[in-house]
Number of protein chains: 2
Amino acid sequence: MKNNPKVEIITIGDEILIGQIVDTNSAWMASQLNKEGFSVFQITSVSDNENHITEAVDAALKRVDIVLLTGGLGPTKDDITKQTLCRYFNTELVFNSSVIDTINRLFPATKNGINELTYSQAYVPKNAIIIQNATGTAPITWFDVQDKVLVSMPGVPSEMEWVMLHEILPRLAKRFNTPSLLHKTVIVEGYAESALAIKISDWENNLPACIKLAYLPAIGIVKLRLTGNLPDKVLLEKTIDIEIEKLRAIIGSSIIATEDIPLELLIGELLKSKKMQLATAESCTGGNIARLITSIPGSSAYFKGSVVAYSNEVKEAVLGVSKELMVERGAVSQPVVEQMAQSVLRLTAADVAVATSGVAGPDGGTPDKPVGTVWICVCTKDKLISRKYNFSTFRDRNITRASLAGLSMIKEILVNC
Amino acid sequence: MKNNPKVEIITIGDEILIGQIVDTNSAWMASQLNKEGFSVFQITSVSDNENHITEAVDAALKRVDIVLLTGGLGPTKDDITKQTLCRYFNTELVFNSSVIDTINRLFPATKNGINELTYSQAYVPKNAIIIQNATGTAPITWFDVQDKVLVSMPGVPSEMEWVMLHEILPRLAKRFNTPSLLHKTVIVEGYAESALAIKISDWENNLPACIKLAYLPAIGIVKLRLTGNLPDKVLLEKTIDIEIEKLRAIIGSSIIATEDIPLELLIGELLKSKKMQLATAESCTGGNIARLITSIPGSSAYFKGSVVAYSNEVKEAVLGVSKELMVERGAVSQPVVEQMAQSVLRLTAADVAVATSGVAGPDGGTPDKPVGTVWICVCTKDKLISRKYNFSTFRDRNITRASLAGLSMIKEILVNC
């Protein structure tokens, strides 16, 4: 068995190269492959063009041990991956009746029988291993190329994900020996990348040779990724954890999490463990905090709901915010955001609430309250914190940063409950 | 000047190859480049490794006319793009004082002076054109390589976007002749990809040779992309529009839009033109419809707000949904979703409202109402439509599809108002 195999992901489709879709498949695949110890050497996106696919496949098979192709397997004319691979591997398409059986089992509702285009999915390369796709009509094609492997799978994300988890990763794990790579991520808030690098430079310079550090700046946070490589996985984990503890001694209060998990999941776990329920009153974040919280399965156990009070009428009619206060101090102000939080706490009978009010932009800024000014308040029955932020001039970033700051303040009040 | 130049985008960063981030930069760049007539031939993602960057750059310069690099320009140790390009182009780093001037102008708040890491950004390759970055600390490096061009720019999305729009695209437009490529997209709902392909096969087979068709299935919809290529841009646009009209005669009622714009933007335009205001009452979509609507700049002109009634207590206390009804028929039912919509319409004094209630999963399904069952209602003062959907078994897809269906139903009721 080959050790430390390298992978190349090739995503096929004109829609990627004209920028009509974002290729989320390769990030998902790369993260799953890395978890299993397969390192991804390169990601290549090419068009639905026979010469181009052929060149990319040929170059990849020279560079790496495993080539994973997604896309170009649809039943319509613009999809040509299957035909291209047949020519490249000098084989032909043959009819495979079990593909039809699978499609009939998957989509019994197709009462008029399978249409001609779907039927064409049953024609598959002769000298390949055909793996059934339990989530769609295009089967998976696995080619053994001497000691290397090439797999062609659908590009529809949900199909690709099912196929990777249930068919491809288990087979690759049997076929290759993977090293003990380990990634751990520390999420830090309140520092710019270069300021953080200077603050922790002694720690960074004294990291053991088996650990590599990377800085990943994101909106409002910097992620530090520690990647370890040692044959002994237990020792490796311990070594990384010791370094994280040393880091905590330097910038402990700025560390939000020591796992690369989203804040909304972390908060969900905290709420469950404290048997508390959350509500939100959102103006400038427009429901985005509620959306993030409810993206987590099982969030109905700890999320009551939200009032998205985008207009002042709704702030007044639903949340009972004083009209005089809004006229006097403005909707983007400390007393208004505090009334919003306290009101939604009562209204929904929640234990903790967060409220946001700000100028997301691009319009609506004033000299006093320019675009990016956001007030956020979190409260419980007996605690209240409110804070003013000055974010950027971009609407999408202001919404994201305000949501992140709101989540971070929820975490702050929960940890002290 | 060179005609029809081909572009390769190379994104650099270990975080891409371990799947820690989704590379959204290349899709954004590809879409902007395509608008200007530059066709993107390949997108390649490589690690922060000198040999690998060198090989990718070398291969790209053989394949294409323009190579655009993003990433690896941070001030920390893991970023090595600048040093690698110096060695590749056989040059050295020299100090450039205008980089420091730009940083001082951009970040005047840095009272203690620029820190040493930020200072290092002023060392730039000697034989390149240095373009100032008005949004961050890393300058842009432009190499002329005989008749080809290589540009290295930051990987932070907001910086890259500014740099592309204000510096790179205008310079490329002066340097190369681009063809009259034109993409138009028709968004179709209610068809699976293969069923749609059969329905419109005659139309597809009779498309003029200058138009290429692609099918892009997404959650709940299929996008048809028509790409035209003719020297005469006016004639080209007319030719494509004629084909879209022919398509409308076949599947007109299933065409949601003839532009590749998100539904939330389309609805915003409709609401503005009809001077109507929207509210949402969301259970299973958890605020996602409100989030989509408020992602559009200026949405405060037509969006009142939302009640995210995730728990039955909030459905009762805030929206006044009858408790008996919820016990008798269940929260996921036609009468409950209708009460939600009508109630939020009154509560917020909106002109049109949408409500969702469903089983997003993975838990909470019953034989009667399995995971994926969603009731949606839209109403105005005198109209009401409610509909039951059966989506998938995946939580994220159910939330996305329910939000899209809700938006689509808003559009349906608005068009007939």
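To keep things clear, this report deals only with the structure shown in the data block. (Residues numbered from 1 in each chain as written. Chains lettered and ligands numbered in written order. Predicted model: local features only at pLDDT ≥ 70, side-chain atom pairs only at ≥ 80, totals over all residues.)

## Here's the deal with the sheet that holds strand S12 (residues 211-218) of chain A
Residues and elements named next belong to chain A.
Next, step 1: A sheet is described by the order of its strands in space; here four strands give the open sequence S12-S13-S11-S14, paired in antiparallel fashion. Of all strands in the sheet, those with a lone pairing partner are S12 and strand S14 (255-257), marking the two edges. Put simply, the sheet's adjacent strands are angled 30° from each other on average, direction ignored.
Next, step 2: Of the strand pairs in this sheet, strand S11 (residues 181-189) and strand S13 (residues 221-229) are connected by nine bridges, and their pairing is antiparallel. Residue pairing in the sheet places Val186 in a bridge with Leu224 of S13. (Pairing = 2+ DSSP bridges. Helix = DSSP H or I, 4+ residues; strand = E, 2+ residues; numbered from the N terminus. Axes fitted to C-alpha atoms, helices over the stretch in contact; angles between N-to-C directions.)

## Things to note about the relation of the copies chain A and chain B
Next, step 1: The transformation that overlays chain A on chain B combines an axial shift of 0.1 Å with a rotation of 180°, and the residual RMSD is 0.1 Å. With respect to symmetry, the two chain copies, as superposed, fit the operation of a two-fold axis.
Next, step 2: By residue overlap, the copies meet face to face through one surface: 99% of the interface positions of chain A are interface positions in chain B. (Least-squares fit on C-alpha atoms with pLDDT ≥ 70 in both. Contact = placed C-beta atoms within 7 Å.)

## Section: the packing of helix H2 (residues 25-35) of chain A against helix H7 (residues 157-175) of chain A
Residues and elements named next belong to chain A.
Next, step 1: In the contact formed by H2 and H7, the axes pass within 11 Å of each other and the chain directions differ by 20°. For the element pair H2 / H7, the angle class is roughly parallel. As H2 runs across H7, the sense of the crossing is right-handed. For the pair H2 and H7, the contacting residues are Asn25, Trp28, Met29 and Gln32 in the first and Pro157, Met160, Glu161, Met164 and Leu169 in the second.
Next, step 2: Across the contact of H2 with H7, the residue classes break down as six nonpolar, two polar and one charged. (Parallel < 35°, antiparallel > 145°, perpendicular 65-115°, else oblique. Left-handed = near helix turned anticlockwise from the far one by under 90°. Nonpolar A, V, L, I, M, F, W, Y, C, P; charged D, E, K, R; others polar.)

## Some points on the packing of helix H3 (residues 50-63) of chain A against helix H4 (residues 81-88) of chain A
Residue and element names in this part refer to chain A.
Next, step 1: In contact at an axis separation of 10 Å, H3 and H4 are set at 60° when each is read in the N-to-C sense. By the angle between their directions, the pair H3 and H4 is classed as oblique. Like other packed secondary-structure pairs, H3 and H4 cross with a definite hand, here right-handed. Facing H3, whose interface residues are Glu50, Ile53, Thr54 and Val57, H4 presents Thr81, Thr84 and Tyr88.
Next, step 2: Here the residues of the contact of H3 with H4 sort into three nonpolar, three polar and one charged.

## Remarks on the sheet that holds strand S4 (residues 66-70) of chain B
Next, step 1: Read from one edge of the open sheet, 12 strands run S7(A)-S8(A)-S9(A)-S4(A)-S2(A)-S3(A)-S3(B)-S2(B)-S4(B)-S9(B)-S8(B)-S7(B), paired in mixed fashion. Since the sheet does not close on itself, it has two edges, and those belong to strand S7 (129-131) of chain A together with strand S7 (129-131) of chain B, each with one partner. For this sheet, the mean inter-axis angle between neighbouring strands, taken without regard to orientation, is 15°.
Next, step 2: Inspection of the sheet shows strand S2 (residues 6-12) of chain A paired to strand S3 (residues 39-46) of chain A by seven bridges, in the parallel sense. The residue of S3 of chain A that forms the bridge with Ile10 of chain A is Thr44 of chain A.
Next, step 3: Across the face of the sheet, H7 of chain A comes into contact with strand S4 (66-70), S7, strand S8 (140-145) and strand S9 (148-153) of chain A while running at roughly 170° to S9 of chain A.

## Thoughts on the interface of chain A and chain B
Next, step 1: Each side of the interface is counted separately: chain A has 76 residues, and chain B has 76 residues.
Next, step 2: Here the side of chain A that touches chain B is built from residues that sort into 37 nonpolar, 26 polar and 13 charged.

## Brief notes about unusual backbone geometry
Leave glycine aside and you will find that most residues have negative phi; peptide bonds, for their part, are mostly trans.
All names here are of chain A.
Next, step 1: Residue Pro362 is reached from Gly361 by a cis peptide bond, and omega for that bond is 0°.
Next, step 2: Inspection of the secondary structure assignment puts Pro362 in the loop between strand S17 (352-358) and strand S18 (373-379).
Next, step 3: Despite not being glycine, Asn90 has its phi angle at roughly 60°, a positive value.
Next, step 4: Mapping Asn90 onto the fold places it in the loop between H4 and strand S5 (93-95).
Next, step 5: The phi torsion at Ala349 lies on the positive side, around 55°, for a residue other than glycine.
Next, step 6: Relative to the elements of secondary structure, Ala349 occurs in the loop between helix H15 (334-348) and S17.
Next, step 7: Residue classification places Ala349 among the partly exposed positions, given that 13 C-beta atoms sit within 10 Å. (Buried ≥ 20, exposed ≤ 12 C-beta atoms within 10 Å, placed from the backbone.)

Geometry only, nothing functional implied.
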